[in-house]
Amino acid sequence: MRIGQGIPGRLLQRVALFARRRYRRIFLVAAVLVVINIAIAATLGFDSDVLDLLPRNEPIVDTFRSTLEDFGGVDLLLVLVEVPEGRAVDPYEEFVEELALDLEELPQLEYVDYKIGDIEELIRSYFPDAFLFLDEEGRRLFEEKLSDEAVRQRVAEIRRVLTTPQAVIAKALIRLDPLGLADLFLDRLSSTRGALRVDLNSGFFLSSDRRLLLLMAKPLRPAQEIDFTQELIAAVDERVASTLLKWPEISGPEPLPTPTVELGGNYMTALEDAAYIRRDVVVNVVTSMLGVLLLFLFAFRRLGVLLYAFIPLFTGLVLAFGFTGLTVGSLNAVSAGMAALLVGLGVDFVIVSYGRYVEERNRGRRIAGALRVMCGSSGRAVLVGGVTSAATFFAFTGTDFVGLRQMGWLTGTGILFCMAAVMLLLPSMLAWSEDHHSRRGRGYPRLYLHGFGSARLVKISMRYPGVVLAIGVILTGALGWLALRLQFEDSIREMRPQGTRAAGIEQKMADHFGSGFDFMMLVLRAETLEEVLELTEKAGAAAAPLTGTNEILRFDSITSILPTRGRQQETLDWLARQRQGYLAPGRLETVFAEAATAEGLRAAGFEDGLALLAEAASVVAPISLGDLSKDDSSRRLLERYVRKSEEGWTSIVYLYPPARIWKREPPPSARKLAEDLGPQVELSGVNVVSEFMRKTVKRDALIAAVVGLVLVSLLLWIDFRRLLDTLLALGPLIVGLVWMLGGMVLVGIPMNFFNIFVSTMIIGIGVDYGIHMMHRYRENREAEHAVLEAGLVETGKAIVLAAASTMIGFGSMSLSSYPGLQSIGYVAILGASSTALVAITLLPAYLSIRLRRWERAEGLQSR
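How each quantity is defined
- Residues numbered from 1 in each chain as written.
- Predicted model: local features only at pLDDT ≥ 70, side-chain atom pairs only at ≥ 80, totals over all residues.
- Heavy atoms only, no water.
- Helix = DSSP H or I, 4+ residues; strand = E, 2+ residues; numbered from the N terminus.
- Buried < 20%, exposed > 50% of the residue type's maximum accessible area, 1.4 Å probe, protein only.
- Areas by Shrake-Rupley, 256 points an atom, 1.4 Å probe, with all protein chains shown as cover.
- Expected span 1.5 Å × (residues − 1).
- Pairing = 2+ DSSP bridges.
- Patch = residues over 30% accessible without salt bridge, like charges linked within 9 Å, V, L, I, M, F, W, Y side chains within 5 Å.
- Salt bridge = Lys/Arg side-chain N within 4 Å of Asp/Glu carboxyl O.
- Phe/Tyr/Trp six-rings, centres within 6.5 Å; stacked < 30°, edge-to-face > 60°.
- Lys NZ or Arg CZ within 6 Å of the ring centre and 35° of its normal.
- Core = buried A, V, L, I, M, F, W, Y, C linked by side-chain atoms within 4.5 Å.
- Arc of directions from axis to C-beta.
- Axes fitted to C-alpha atoms, helices over the stretch in contact; angles between N-to-C directions.
- Parallel < 35°, antiparallel > 145°, perpendicular 65-115°, else oblique.
- Left-handed = near helix turned anticlockwise from the far one by under 90°.
- Contact = heavy atoms within 4.5 Å.
- Nonpolar A, V, L, I, M, F, W, Y, C, P; charged D, E, K, R; others polar.
- pLDDT = per-residue confidence, 0-100.
- Polar contact = N/O pair within 3.5 Å; in protein donor to acceptor, adjacent residues only side chain to side chain.

Considering the overall build of the protein chain
Item 1. Scanning the protein chain from terminus to terminus reveals 33 helices and 13 strands.
Item 2. Evaluated residue by residue, the protein chain yields a buried proportion of 56% over its 863 residues.
Item 3. As presented, the protein chain carries roughly 36,300 Å² of accessible surface, and 57% of it is formed by carbon and sulfur atoms.

Below, the structure is given as structure tokens:
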């Protein structure tokens, strides 16, 4: 195709001529747009909620998200107080209580939960209903405690305990509960805190190794409101510091090590993620821009050329960020990499265009002619390359993942902004530079383009095409075989920043509290409270045989503290029978008094406890949810298990698998348990979502890749109008993808949730190299072999430089705080280098063979 033929070519030449004459006007409009979009971009927020990246309107994800939100699984600020090894817990519990009182004064907090309550108050409050907490096994065990001999043994045990050093602590509890009935419901209350062991002497949340005390604060607003979270953490840090000043007074006359206080939970994670996202945006922009500019300086050997790259690129980036501020309003962990992508992709437009301008100027063309060729010939390739690159990113808008859909839309639009900025600003800047040198009476400086060895590779490929193609076939076969062994890493935990403060707290929680924070949830729904309680009872009965295995260690639910009416009625019937026997009025008091006298104890000291027991034995009616909501602490406890909504009632049964097992998928027994319970029950949890994501990501990646390839192929056919030329332009991309996947296996980079979509990105990146080669071939195919070789050599230089800039742009993502984004950088470097290498070796080799065949055919015809 001759230069300027076709509507795109003529239109782009007019753009060049307009830029030549009206560059001041273009500069003014660009400056105004930059100022406006900088102001808009300054309003960008940062969304650090990982859940917001997941698909919407998917039942598995929606259930997980809504359950966490409704039942408070993600909206707590954790305050950890470490107890030095070998030290008594008591003074540190006193410190926790003082800290809780100080924190509760903060206006940002709704409440601070640090203990199940005062044990004596709990006993007095819950004891009258204590028998109703008993199941069949509990009733049998307690019945054994009611015989005369059992009461005498219990009194003897009380006398022994009262002679020990722990008697000071135990005396009050024993007086209130001489027969040990409270242990049964206190154990149930303790189990409702998951892995949070409760010190039954004090009620504090304490790890089983007695080294970690925990406070759970409920802020008034969500963690994703970063300004609020920053204010909250600063206020909490201030209160912690002021409470630590009271430590000498709390610890008493004997100096004790000062407690270590750390903050964790979703609020710390959100704050750190927001900081990491801000850092990544700055690092990506600065390192990619700096790297590209240094590359330009080395390649073109002129300091002024840096402006040719920087100004259009900066303008395109600002427009892209302004567009993001208008349409989305915030960046997330995925879309934060947009800057690096745009730098790597946008600079290609500058390289190819300016490289052709340098070539034409060195051939002796004047400024107007060089700009016409640059915009009319290379500009068309830039236009097609930009549109195809944008199309592949727009293919991400068909995925279910919000983060990737947003990144695809913003990056695709940003590519178009960068392309438009280059097409208008680059010729304007070149025209201004020409006029600037003319006014000063200086000749235009000599222009240069470093090829980084590409000229030699293109020439070798065209002179020894058979050998080069044979090597290419062997290499492609070997790497294709390796690509079949590529593994998929689906751990979301591995995709998050490592070594962070929040991650350290999470690990410490796991080390001290075990499996309690890695739970699954059976989500049960029914129209009425009684129906959902009966369904919960049924789920608990089905889960009980599974506990203690390598799939489910234990479970807890609302029925631990609120039995169904049916079970309560069984207990009431049992009590009615016992009131005719062991629990007959006055019997226990008489037997206990005789045993106490025999052991040398004063029976009068246990009157309160025996009176509470008699009150519990006289209960005749079941308790309800309202009866248990005696205070704020009790209501918060109940809300962890059951909630009322417009649709009815929802109950949660928490299933605890062994620590650090079943991260990738739910255990089969849990899945079967949910299925057997029927359609009213759903299994949810991080591992359930992880399994769903693994399947969905692979599906969406394949769809995005196919859609991107189809779009690119269609655009190329519209441009070339020949099937063979379209396939040849796609050749470097297809072969380069095989090399990239095989290379990932060679260097040990697994596929993951992030980099699996690089294959689609590479379609937009790598196809440009084939497009530029084919456009130059079509421009010079009727010329002699030497002319074609010279043209492909010059285009090869621009391709290598473009690939190098892309690798620098994407390579800056390897500096990201997120391992997932780092892997995108590494894989993109492999993809860009592979497709570029194929474009300057295998494609020229084939084109050389094709041209020679055409020349031989022409020679035979001329004879």
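What about helix H28 (residues 686–720)?
Item 1. Here H28 is 35 residues long and its end C-alpha atoms lie 49 Å apart, about the 51 Å a rise of 1.5 Å per residue gives.
Item 2. Backbone geometry just downstream of H28 places Arg-721 in the positive-phi region, at approximately 60°.

Let's talk about the pairing of strand S8 (residues 520–526)
Item 1. Summarising burial for S8: six of the seven residues are buried, a large majority.
Item 2. Note that S8 and strand S12 (residues 681–685) share five bridges and pair antiparallel. Note on S12: the bridge partner recorded for Met-520 is Gly-685.

Topic: a nonpolar patch on the surface
Item 1. Nonpolar side chains collect at one region of the surface, where Ile-38, Leu-307, Phe-310, Ile-311 and Phe-314 lie side by side and expose about 390 Å² of accessible area between them.
Item 2. Considering each element in turn, the nonpolar patch owes the most residues, four residues, to helix H13 (residues 305–327).
Item 3. The topology assignment puts Ile-311 in helix H13.

Remarks on the packing of aromatic side chains
Item 1. Taken as a whole, this structure holds eleven aromatic pairs when the rule is applied.
Item 2. For the ring pair Phe-310 and Phe-314, a centre distance of 5.5 Å and an interplane angle of 15° mean the geometry is stacked. Placement of both Phe-310 and Phe-314 in helix H13 is noted, with a separation of four residues, approximately one turn of the helix.
Item 3. You can call Phe-310 partly exposed: its relative accessible area is 33%.
Item 4. Ring pairs connect the aromatic residues Phe-323, Phe-394, Trp-409 and Phe-417, which therefore count as one cluster.
Item 5. Above the plane of the ring of Tyr-656 lies Arg-554, whose end atom (NZ or CZ) is 4.3 Å from the centre.

Points about the nonpolar core
A general feature of soluble globular proteins is that nonpolar side chains tend to end up buried together.
Item 1. If you look at the biggest cluster of nonpolar residues, it comprises 189 residues, and the most contacted ones within it are Phe-131, Phe-296, Leu-522 and Leu-655.
Item 2. No other element matches the twelve residues that helix H14 (residues 338–362) contributes to this core.
Item 3. Core analysis: the second largest hydrophobic core is formed by 38 residues, Tyr-92, Leu-99, Leu-215 and Met-268 among them.

Here we look at helix H24 (residues 607–617)
Note that an α-helix has 3.6 residues per turn; residues three or four places apart therefore point the same way.
Item 1. Burial in H24 covers these residues: Gly-609, Leu-610, Leu-612, Leu-613, Ala-616 and Ala-617. Buried residues of H24, seen end-on, are gathered within an arc of 155° and therefore sit on one face of the element.

Here's the deal with the pattern of salt bridges
Item 1. On inspection of all chains with the given rule, the structure shows 21 salt bridges.
Item 2. Note that Glu-98 and Lys-246 form a salt bridge whose closest N and O atoms lie 3.0 Å from each other. With a gap of 148 residues between them, Glu-98 in helix H4 (residues 90–103) and Lys-246 in the loop between helix H10 (226–244) and helix H11 (247–251) connect regions that are remote in the sequence.
Item 3. Here Glu-98 falls in the partly exposed class, since its relative accessible area comes to 26%.
Item 4. Note on Lys-246: relative accessible area 28%, which makes it partly exposed.
Item 5. Residue Glu-137 pairs with Arg-140 through a salt bridge whose shortest N-O separation is 2.5 Å. You can see Glu-137 and its partner Arg-140 sitting in helix H6 (residues 136–144), three residues apart, about one turn around the helix.
Item 6. The exposure class of Arg-140 is partly exposed, given its relative accessible area of 40%.

Some remarks on the packing of helix H3 (residues 59–71) against H28
Item 1. Between H3 and H28, whose axes approach to 10 Å, the crossing angle comes to 155°. In this view, H3 runs roughly antiparallel relative to H28, as classed from their interaxial angle. Our pair here, H3 against H28, has a crossing hand that is left-handed. Across from Ile-60, Val-61 and Phe-64 in H3, the residues of H28 making contact are Val-686, Val-688, Val-689 and Phe-692.
Item 2. Along the lines of polarity and charge, the residues of the contact of H3 with H28 split into seven nonpolar, no polar and no charged.

Quick word on the sheet that holds strand S3 (residues 109–113)
Neighbouring strands of a sheet are bound in pairs by backbone hydrogen bonds; such pairs are parallel or else antiparallel.
Item 1. With respect to topology, four strands assemble into an open sheet ordered S3-S4-S2-S5, the strand pairing being antiparallel. Two strands close off the open sheet at either side, each with one partner strand: S3 and strand S5 (260–265). Across this sheet, the average inter-strand angle for adjacent strands is 20°, counted without regard to direction.
Item 2. Judged from the four bridges that link them, S3 and strand S4 (residues 212–219) form a sheet pairing that is antiparallel.

Concerning unusual backbone geometry
Item 1. A positive phi is found at Arg-721, a non-glycine position, where the angle reads about 60°.
Item 2. Secondary-structure assignment places Arg-721 in the loop between H28 and helix H29 (723–747).

Quick word on the confidence of the model for the protein chain
Item 1. When pLDDT is averaged along the protein chain, the result is 79; 84% of the residues meet or exceed 70.
Item 2. The low-confidence segment residues 1–5, where pLDDT is below 50, has 15 contacts with residues more than four positions distant or belonging to other chains.

Quick look at the pairing of strand S2 (residues 77–82)
Here is the key point about a regular strand: its side chains alternate between the two faces of the sheet.
Item 1. Most of S2 is tucked away: five of the six residues are buried.
Item 2. Relative to S4, S2 runs antiparallel, the two sharing six bridges. Directly across from Leu-77, in S4, lies its bridge partner Ala-217.
Item 3. The pairing of S2 with S5 spans six bridges and is classified as antiparallel.

Some points on the environment of Val-747
Item 1. Mapped onto the elements, Val-747 comes out in helix H29.
Item 2. According to the relative accessible area criterion, Val-747 is exposed, its value standing at 54%.
Item 3. It is 10.0 Å that separates the C-alpha atoms of Val-747 and Tyr-826, two residues lying 79 residues apart in sequence.

Notes on the side chain of Thr-67
Item 1. Here Thr-67 shows up in helix H3.
Item 2. Relative accessible area serves as the criterion here: at 2%, Thr-67 is assigned to the buried category.
Item 3. At 2.6 Å, the side chain of Thr-67 and the backbone oxygen of Thr-63 are in polar contact.

Quick word on the environment of Val-384
Item 1. Relative to the assigned elements, Val-384 resides in helix H15 (residues 367–394).
Item 2. In this structure Val-384 touches Leu-716, Asp-719, Ile-771 and His-775, once residues within four positions along its chain are discounted.

So, the packing of helix H30 (residues 758–780) against helix H31 (residues 785–811)
Item 1. Contact pair H30 / H31: the axes reach a minimum separation of 9 Å and the direction vectors enclose 165°. For the element pair H30 / H31, the angle class is roughly antiparallel. Helix-helix and strand crossings are classified by hand; for H30 and H31 the assignment is right-handed. Note on element contacts: H31 touches H30 through Val-787, Leu-788, Gly-791, Leu-792, Glu-794, Thr-795, Gly-796, Ile-799, Ala-802, Ala-803, Thr-806 and Phe-810, opposite Met-761, Ile-765, Tyr-769, His-772, Met-773, Arg-776, Tyr-777 and Asn-780.
Item 2. Its residues assigned to classes, the contact of H30 with H31 comprises twelve nonpolar, six polar and two charged.

Structural notes on the environment of Gly-809
Item 1. Relative to the helices and strands, Gly-809 is located in helix H31.
Item 2. Accessibility expressed as a relative area gives 0% for Gly-809, which makes it buried.
Item 3. Between the C-alpha atoms of Gly-809 and Gly-825, which are 16 residues apart in sequence, the distance is 8.4 Å.

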